[in-house]
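# Structure assessment
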Amino acid sequence: MTRALARMALWRLAFTVPLLFAVTLGMFALAKASPFDPVKQYLGVRALTTSPEITAQIRENWGLDKPVAEQYFTWLGNLVQGDLGESRSMHRPVIEVIGERFGWTLLATGCALVLMLVVSLAVGALAAWRRDSWLDRTITGTAYANEAAPVFWTALIVMWIFAVKLQWLPPGGLTDPAATTLEFGDVLHHMVLPVAVLAFSQSSWLLLFVRESLITTLREDFVLGARARGLRERTVVVRHALRSALLPFITLVGARIPELVTGAILVETVFSWPGVASASVEAALAADFPLLAALTLLATLAVVIGNLIADSAYVIADPRVRVLGVS
Amino acid sequence: MRIAAGVLVVLALAVVVVPLVVQLDQQLVDLGSANQAPSFAHPFGTDEVGRDVLLRVIYGLRVSLLIGLVAALVSMTIGAVAGLAAGMLGGFADRVIMRVVDGFNSVPHLLFGIFIVALFSPSATAVVVSVGLTHWTTAARIVRSEVLTLRARPFVDAAISGGSTRLRVVRRHFLPHLMPHIALASVLMVPHAIWHETALSFLGLGLPPHLASLGNMINDGARSLLAGDWWASLFPGLFILVPTLAISALVQYWRDRTNPRWRSELQL
């Protein structure tokens, strides 16, 4: 099994390198086709008073007068060497911006992921166990509505209820505006709403999946056998049925990374959480290509890692599985 | 099911008829009646510059639906062509196309959309292009797998031994089979496309900010929300939520009718 795992991981990685190249090429092509002129953007209002010679000088300094292919390879070479360039909107190296914000995104999405797993497992199992009761109908109804509702809207409604009406929690940010240092309790206080909304928005799909899967499992013979042996209902549902229903569940979580990234972008923006996901929106609003490109690569990498985890879980759970045609 | 159909009919009528009766001046501001709570004169209240939320929501739904329909059509066309090509050509071409599909799926769709809209000034066209370029992969997968199962059917062998070319087989035999699948996928694509458009507009990367669109309205409403005025954000969101639920309920009903095995799984 270890060998199968290693081979699968190796194949995945072998596909990752051309994928990342393709993504950089696609991004570069889009940037070249874009009507935005980075020099004019850099100069801003000064573009009107700057002499053409100086504009041409900047162009030459930035290598924009060279052939497009050469520009691409220069940029790619810098990327490979770890030089992500300078963020045009924040006037700082991209690597610094990402390094500063990445931890906050990891913290928020990590907590949301754990919360989502626990809640959707528990609530999904509850709905399956009490199938067709008012409880099940409430749970599934909420899940369907949640799936249809845009997450930024849910976030706003939640913010209105808990931050504006009840005033239990702050409406956004990382710390209290008056705070000068990072306090653990303060950050935790500010984290509750974004994490809860992100977890809630991602949970409905998994919850419905757990419910469906458990309902099918509860009909199987071994569950009937367990019941016939007089085991407690809780033991039957949790130890026997849920365990068997979980198998596909584990592998599907890794494949949900794109949705998690999408959710993080919107939730971080609504709650002004200073993570990398909300930085992508700021970068986009300023047409900041270096930062946006780095963030897109980062997200692609996250998706690839998620797929790798999903496949690994698959191989570990079921050694017969062939991933990408490799056994 | 009847409720879902009724809701959709009412919304469709509202979207078509209301603009014929009441004109909306997108730029008009009435600061005297700003931030009014829902009342008889303004059933959904007014926003922070005094515009009637109900009228703007209907106009917004119209814009979103239009963009959603066009974007779904664009992505379905790309997807159907790619899926047909992959399924029919097979071999190397199939592998290349499917790798491209994987590649597009590796970049989170919203981020890809943000990237496109950011580099090409925000406009309806940019939104349609970004939705079309990100959502075609699902369609390509569906069409490809359908083509693969169709290819194994005896009538295809019969047609080919009867002297039909590949193109003729596709036109005369595959497309009629594929049309229901493509139609269903398109219908399901519309809410996705609307979601995508509203998310981009909400982030300030979609339609021009003065235009009444659902995403723009939620974005505008977010500002007055902190002052406690909930109506300017709540109603535009409901106008995304309700049609989406109605469409998925109708699709579910249609699936249950056409696939009895599925029904027994779900409703026994």
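These remarks concern the structure in this document. (Residues numbered from 1 in each chain as written. Chains lettered and ligands numbered in written order. Predicted model: local features only at pLDDT ≥ 70, side-chain atom pairs only at ≥ 80, totals over all residues. Heavy atoms only, no water.)

## Overview of the overall build of chain A
Put simply, the rule reads: What counts as a helix is a DSSP run of H or I of at least four residues, what counts as a strand is a run of E of at least two, and both are numbered from the N terminus. Whether two residues are in contact is decided by their heavy atoms: any pair within 4.5 Å suffices. In this description, accessible areas are obtained by the Shrake-Rupley approach with a 1.4 Å probe, and a residue is regarded as covered only by the protein chains that are shown.
What chain A contains, in helices and strands, is 13 helices and two strands. Structurally, chain A occupies a C-alpha span of about 90 × 55 × 35 Å along its principal axes. For chain A, the proportion of contacts with a sequence separation of at least 24, taken over those separated by at least 6, is 72%. Roughly 17,000 Å² of accessible area belongs to chain A as shown, and the carbon and sulfur atoms make up 65% of that amount.

## What to know about the nonpolar core
What counts, and what does not: In this description, a nonpolar core means a group of buried Ala, Val, Leu, Ile, Met, Phe, Trp, Tyr and Cys residues linked to one another through side-chain atoms lying within 4.5 Å. Three exposure classes are used, based on accessible area relative to the maximum for each residue type with a 1.4 Å probe and protein chains only: buried under 20%, partly exposed in between, and exposed over 50%.
Formed by 104 residues in total, the largest nonpolar core has its most connected members in Ile265 of chain A together with Ile114 and Leu203 of chain B. Here this core takes eleven residues from helix α7 (residues 151–165) of chain A, the largest share from any one element. Residues within four places of Ile265 of chain A in sequence aside, it is in contact with Ala277, Ser280 and Val281 of chain A together with Leu110, Leu111, Ile114 and Leu203 of chain B. Ala72, Ala80, Val156 and Ala159 of chain B belong to the second-largest nonpolar core, a separate cluster that totals 20 residues.

## Comments concerning the packing of helix α5 (residues 94–129) of chain A against helix α6 (residues 134–148) of chain A
Residues and elements named next belong to chain A. Applied cut-off: Here, axes are lines fitted to C-alpha atoms. For helices the fit covers the stretch in contact, and angles between N-to-C directions go from 0 to 180 degrees. The cut-offs work like this: below 35 degrees is roughly parallel, past 145 is roughly antiparallel, 65 to 115 is roughly perpendicular, and the gaps in between are oblique. Here a crossing is called left-handed whenever its near helix is offset anticlockwise from the far helix by less than a right angle, and right-handed whenever the offset is clockwise.
At their nearest, the axes of α5 and α6 sit 8 Å apart, and the two run at 135° to each other. Taken together, α5 and α6 sit at an angle that is classed as oblique. For the pair α5 and α6, the crossing hand works out as left-handed. Here Val123, Leu126 and Ala127 of α5 come into contact with α6, specifically with Leu135, Asp136 and Ile139.

## Section: the interface of chain A and chain B
Rules: The term buried area denotes the loss of accessible surface (1.4 Å probe radius) that occurs when two parts are joined, taken as the sum for both partners. For salt bridges, the criterion is a side-chain nitrogen of Lys or Arg within 4 Å of an Asp or Glu carboxyl oxygen. By the criterion applied in these results, polar contacts are pairs of N or O atoms within 3.5 Å in which, for protein atoms, one can donate a hydrogen and the other can accept it, and in which residues neighboring in sequence qualify only through two side-chain atoms. Classification used: nonpolar for Ala, Val, Leu, Ile, Met, Phe, Trp, Tyr, Cys and Pro, charged for Asp, Glu, Lys and Arg, polar for all others including Gly.
Tallying the contact residues gives 48 residues for chain A and 40 residues for chain B. Note on chain A versus chain B: buried area summed over both sides is about 3,800 Å², and carbon and sulfur give 81% of it. The three residues of chain A that bury the most area against chain B are Leu30, Phe152 and Trp153 of chain A, which together make up 16% of that side's buried surface. Connecting chain A to chain B are zero salt bridges. Applying the counting rule to chain A against chain B returns one residue pair in polar contact (both at pLDDT 80 or more). For the side of chain A that touches chain B, the secondary-structure elements that each account for two or more residues are α1 (2–33), α6, α7, α11 (257–270), α12 (276–285) and α13 (289–317) of chain A. When its residues are assigned to classes, the side of chain A that touches chain B shows 39 nonpolar, six polar and three charged.

## Quick word on the packing of aromatic side chains
Given two aromatic rings, their pairing is described by the distance between the two centres and the angle made by the two planes. The condition is simple: For Phe, Tyr and Trp, where Trp contributes only its six-membered ring, two rings pair if their centres lie within 6.5 Å, and the inter-plane angle classes them as stacked under 30 degrees, edge-to-face over 60, or tilted in between.
Summed over the entire model, instances satisfying the criterion amount to twelve aromatic pairs over all chains. Relative to Phe202 of chain B, the ring of Phe152 of chain A lies with its centre 4.4 Å away and its plane at 15°, an arrangement referred to as stacked. Taken together, the positions of Phe152 of chain A in helix α7 and Phe202 of chain B in helix α7 (residues 166–202) put the pair across two chains. Each member of the pair, Phe152 of chain A as well as Phe202 of chain B, is classed as buried. Centre to centre, the rings of Phe104 of chain B and Trp136 of chain B are 5.3 Å apart; their planes meet at 75°, and the pair counts as edge-to-face.

## Details of the side chain of Arg256 of chain A
Residues and elements named next belong to chain A. Heads up, the condition is: As used throughout, the charge tally considers Lys and Arg to be positive and Asp and Glu to be negative, leaving His and the chain termini uncounted.
Position of Arg256 relative to the elements: it lies in the loop between α10 (233–254) and α11. Buried within the structure, Arg256 lacks any salt-bridge partner; Glu259 is the closest side chain of opposite charge, at an N-O distance of 4.1 Å. Leave out the neighbours within four places in its chain, and Arg256 touches Gln202 and Trp205.

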